[in-house]
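Chain and residue survey
Residues per chain, in single letters:
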Amino acid sequence: MRQLLSLVAIIMALLVPQSLTARTGVTYSPGASVFTIETNNDAQQVKLRIYKDGLGGKPVKTVNMKRDKAGNTLWQASVKGDLKGKFYTFDVKYDGKFRGECPGIWATAVGVNGKRGAIVDMGQTDPQGWSADKRPAIAAKDLILYEMHHRDFSIDESGGFTYKGKFLALTEPRAIEHLKTLGVNAVHILPSFDYASVDETRLNEPQYNWGYDPVNYNVPEGGYSTDPYKPEVRISEFKQMVQALHKAGIKVILDVVYNHTWNIDGSNFQLTRPDYFYRKNADGTYSNGSGCGNETASERDGMRQFMIESVKYWVDEYHIDGFRFDLMGVHDIETMNAIRNAVPQDIFIYGEGWSAGSCAYSGDLAMKANTSKMPGIAAFSDEIRDALRGPWDSNSKAAFLGGVKGNEESIKFGIVGAIQHPGVDYSKVNYSKAPYANEPTQMIAYVSCHDDMCLVDRLKASVKGITIDELIRLDLMAQTVVMTSQGVPFLLSGEEMLRDKKGVHNSYESPDSINHLDWDNLERYPQVMDYYKSLIALRKAHPAFHMGSADLVRRNLDFLPTENCLVAYHINGRNVPGETWDDIYVAFNAHKRARTIEVPDGTYTIVCRNIKCDQSGISTVKTKGGKVTVPAQSALIIHN
Ligand code: CA
């Protein structure tokens, strides 16, 4: 036993300095707080300042930090006394000049606007019952993602929320009941870490931003809390949100933006380790693969480690279930694989497999085409999205939904989940001329997200003279393609209530009047919500629509010969584990007139047609001569 203990001590001694390197910042205890920061080799001095408040006032204490003996990049200071409730900053000197105060890169609590780190007893931020909180067990193939922005979701009066635009809105019965009724089982929340573009000292004024401008990566955003001045409030409220969603069986997925920071000069990265975290071009300028003025260097040990530790921290401290990587294509694949391996397998990881400009990195980037080199990581399919709604570089061009031919193979690509499938002619796919996924769960199927026009606006802009009836038909058909895809389906919040953004395609800082959900639409267009929830229920109840295995999809899904603007396939349900239907036929007809598909003669139950979806059956059809009618601008799902 003694030997075992000493072994443990040796292991601990080996481990502790590593974790210290990885997660610097402050370690609180009532007797003393230990501060640690990592700098570049050439740092000359580090000042630690302690403050009473998160903003303003003079420091109550200033300490010269000491270089760690073991290395010359770590600096430490131990401050005696109970510092709970106090704030701190680091100020690092290079070339004879202090670069400016900041909370460092590892603050886990901050004051208003994230200017100063805060000393919080994290254990006291846990809501009651938090230790019993568990991530809901939902396999990747069974996920139904719902992308939402806190303010969009709950700010409008029509929603009737108490905590409008706050984390706590997602704890309210109205929110939970809506999500459960709809049937989604994972909310993907737009950036919810501390970002810059909403001034937390002016929350009484209407301010809006998506939040893709990171400041403190490991702290919840203050603008979504009821009191951004009290550091523990945002932490506790975020946990209450996660807890309420978990109780309802809904996962929480965080949108993470490690690929760039709000700015370079004032960023916590740059103030502590100048030029270490960013990629530069050969001419010394900063590379801009993010399109936001800078791009981080995930291939560097310190940045890679930061990303890994940050993700692990959100999993451990906040019980986060998954991560959506913004511009994942800016990161290198080694880092993405290291992140995948650093968190439990049930943590769902996906991202945008592209960048917004060229990156100053010569190795393999986590682009969509490299998805097969990143097992357990998924990428958004712009193939299926643009084949349905129209290309991303235009707001008015139509595609399949608008009756434009030539998009059929791209839709088939999305139906199989971007895997190798003998029924897809890859040479005719819009973007990927080869499959990119090993497994269908490596593809996100969607027709709209926060970027670009939402579905209603795009249909209005691209389909000439569209009527409300036609708009609803096409909307429902589009989501039927998504919800029956073998990839992981993804909905933009509010599509279920026929949201629009008044035609604004980039609403990142548009007012609430553009971005808000109008909850009264649930009563205006009840057929839309009815269809969406029935469609999701159908997917959940039938493994044929989410087989989760490339082999199963290849063996049991075959496409029917069709014409332009008509896509149809058959699933042999007998060979799909857990499936109760034998032969399933799915068809999408974008023509303004009915078309037919060929099926073996028999009697089939119709579960989806026109603007109705009901897995228990709408009616039956007895075929003669092997033909069944697919109504105009409609999906059709039948089975025997
Ligand atoms: Ca903020």
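Quick word on the overall build of the protein chain
- Along the backbone of the protein chain there are 15 helices and 28 strands.
- Since a compact globule built from 640 residues should have a radius of gyration of about 26 Å, the 26 Å found for the protein chain is in line with a globular shape.
- Viewed in the frame of its principal axes, the protein chain has a C-alpha envelope of about 85 × 60 × 50 Å.
- Among the 640 residues that make up the protein chain, the fraction classed as buried is 60%.
- For the protein chain, the share of sequence-separated contacts (at least 6 apart) that also reach a separation of at least 24 residues comes to 71%.
- Carbon and sulfur atoms make up 50% of the accessible area of the protein chain, which amounts to about 24200 Å² in all.

Remarks on the domain arrangement of the protein chain
- Each assigned domain of the protein chain is listed with its residue range as follows: domain 1 (2-101), domain 2 (141-190 + 214-256 + 305-545) and domain 3 (553-639).
- The straight-line distance from the C-alpha centre of domain 1 to that of domain 2 is 39 Å.

Focus: the nonpolar core
- Ranked by internal contacts, the top residues of the largest apolar core, which has 143 residues, are Tyr146, Phe238, Tyr258, Phe323 and Phe325.
- Each of two domains, domain 2 (141-190 + 214-256 + 305-545) and domain 3 (553-639), supplies a minimum of three residues to this core.
- Counting residues in each nonpolar core, the second largest holds 21 residues, with Ile50, Val63, Trp75 and Val92 among its members.

Details of the packing of helix 4 (residues 231-247) against helix 6 (residues 301-318)
- One can describe the packing of helix 4 onto helix 6 by two numbers: an axis separation of 11 Å at closest approach and a directional angle of 75°. With respect to helix 6, the axis of helix 4 lies roughly perpendicular. Taking contact as the criterion, the partners of Ile235, Phe238, Lys239 and Val242 in helix 4 are, on helix 6, Trp314, Glu317 and Tyr318.
- The class makeup of the residues in the contact of helix 4 with helix 6 is five nonpolar, no polar and two charged.

What counts, and at which threshold
- Residues numbered from 1 in each chain as written.
- Predicted model: local features only at pLDDT ≥ 70, side-chain atom pairs only at ≥ 80, totals over all residues.
- Heavy atoms only, no water.
- Helix = DSSP H or I, 4+ residues; strand = E, 2+ residues; numbered from the N terminus.
- Rg over C-alpha atoms; globule rule 2.2 N^0.38 Å.
- Buried < 20%, exposed > 50% of the residue type's maximum accessible area, 1.4 Å probe, protein only.
- Contact = heavy atoms within 4.5 Å.
- Areas by Shrake-Rupley, 256 points an atom, 1.4 Å probe, with all protein chains shown as cover.
- Domains from an automatic or database assignment.
- Core = buried A, V, L, I, M, F, W, Y, C linked by side-chain atoms within 4.5 Å.
- Axes fitted to C-alpha atoms, helices over the stretch in contact; angles between N-to-C directions.
- Parallel < 35°, antiparallel > 145°, perpendicular 65-115°, else oblique.
- Nonpolar A, V, L, I, M, F, W, Y, C, P; charged D, E, K, R; others polar.

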